[in-house]
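Chain residues, written in single-letter form:
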Amino acid sequence: MTAGGPVLGLVASAAGGVESWLRAGLAEPLARRGWRLAVTLTPTAARWLEAAGELAPLAALTDLPVRWTSRLPAEPKPHPVPDVFAFAPATVNSTAKLALGIADNQALTALGEALGRRAPLVALVQGNEDQRAHPAFDGHLATLRRCGARVLLSGGPAAVLEEVDRVTDQPAGHR
Ligand SMILES: Cc1cc2nc3c(=O)[nH]c(=O)nc-3n(C[C@H](O)[C@H](O)[C@H](O)COP(=O)(O)O)c2cc1C
């Protein structure tokens, strides 16, 4: 963690495997690269990570709270505005909601605003064949890409790391 350093918004939704690779495959390498992590989970992803005992070790990687609920109006914002976002894994459900501007949880609230201000955003969309065959799926990806998001459909967390390095123009180990 780097208090005061560049902030990466790491947003994860409930796609299979998130509980096994989010921390070790993505959050730890990002933290090692010097990113201060602002982690936000969908409510379902939070439930999965909690059941897997992953919430505490994830929280230990950052000085910022891991979020999955909204703040009360009188509370200060728990996260600064991130410089860049990694949305991984992105379920087909949360991808569709993001493309449509639906912000019915904290993860989508953060992502929707990021998309609106055209912040650098890398999304690893993970879905099975039937989910990807939904008639609206390609349109949702096109919407995200039109807003400058880098949309990955394969490659796992390693591809996300590579793409984050690319969009932030910083090779690994130089942050
Ligand atoms: C074991 C399991 C694995 C799943 N894997 C995926 C997946 O890889 N991609 C996906 O889009 N949905 C997957 N789902 C379905 C999502 O969890 C479901 O659509 C959920 O409502 C997504 O919520 P979220 O987008 O708010 O995280 C899976 C569900 C289960 C139970």
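Note that this is a predicted model, so its numbers are computed, not measured.

What counts and what doesn't
Residues numbered from 1 in each chain as written. Predicted model: local features only at pLDDT ≥ 70, side-chain atom pairs only at ≥ 80, totals over all residues. Heavy atoms only, no water. Helix = DSSP H or I, 4+ residues; strand = E, 2+ residues; numbered from the N terminus. Rg over C-alpha atoms; globule rule 2.2 N^0.38 Å. Buried < 20%, exposed > 50% of the residue type's maximum accessible area, 1.4 Å probe, protein only. Contact = heavy atoms within 4.5 Å. Lys, Arg positive; Asp, Glu negative; His and termini not counted. Charge placed at Lys NZ, Arg CZ, Asp CG, Glu CD. Core = buried A, V, L, I, M, F, W, Y, C linked by side-chain atoms within 4.5 Å. pLDDT = per-residue confidence, 0-100.

Observations concerning the overall build of the chain
A tally of helices and strands in the chain yields 8 helices and 5 strands. Along the chain direction, N to C, the helices and strands of the chain fall in the order β-α-β-α-α-β-α-α-β-α-α-β-α. Against the compact-globule benchmark of 16 Å for 175 residues, the chain has a radius of gyration of 15 Å, which places it among compact chains. Once the C-alpha set of the chain is aligned to its principal axes, its extents read approximately 45 × 40 × 30 Å. With 175 residues in all, the chain has 51% of them scored as buried. Considering only intrachain contacts with a sequence separation of at least 6, the fraction spanning at least 24 residues in the chain is 77%. Treating the 17 positive side-chain charges of the chain as one cloud and the 16 negative ones as another, the clouds have centres 5 Å apart.

Quick look at the nonpolar core
Judged by nonpolar contacts, the single largest core of 32 residues is most densely connected at Leu-22 and Leu-41. Among the secondary structure elements, those contributing two or more residues to this core are strand 1 (7-12), helix 1 (18-32), strand 2 (36-41), helix 2 (43-51), helix 3 (55-59), strand 3 (84-90), strand 4 (121-125) and helix 8 (156-167). Here this core takes 7 residues from helix 1, the largest share from any one element. One finds Phe-85, Ala-99, Ala-110 and Ala-119 within the second-largest nonpolar core, a separate group that totals 23 residues.

Some words on the confidence of the model for the chain
Considering every residue of the chain, the mean pLDDT works out to 95; 94% of them sit at 70 or more. Overall, residues 171-175 carries pLDDT values under 50, and its contacts beyond four positions in sequence, including any with other chains, amount to 9 contacts.

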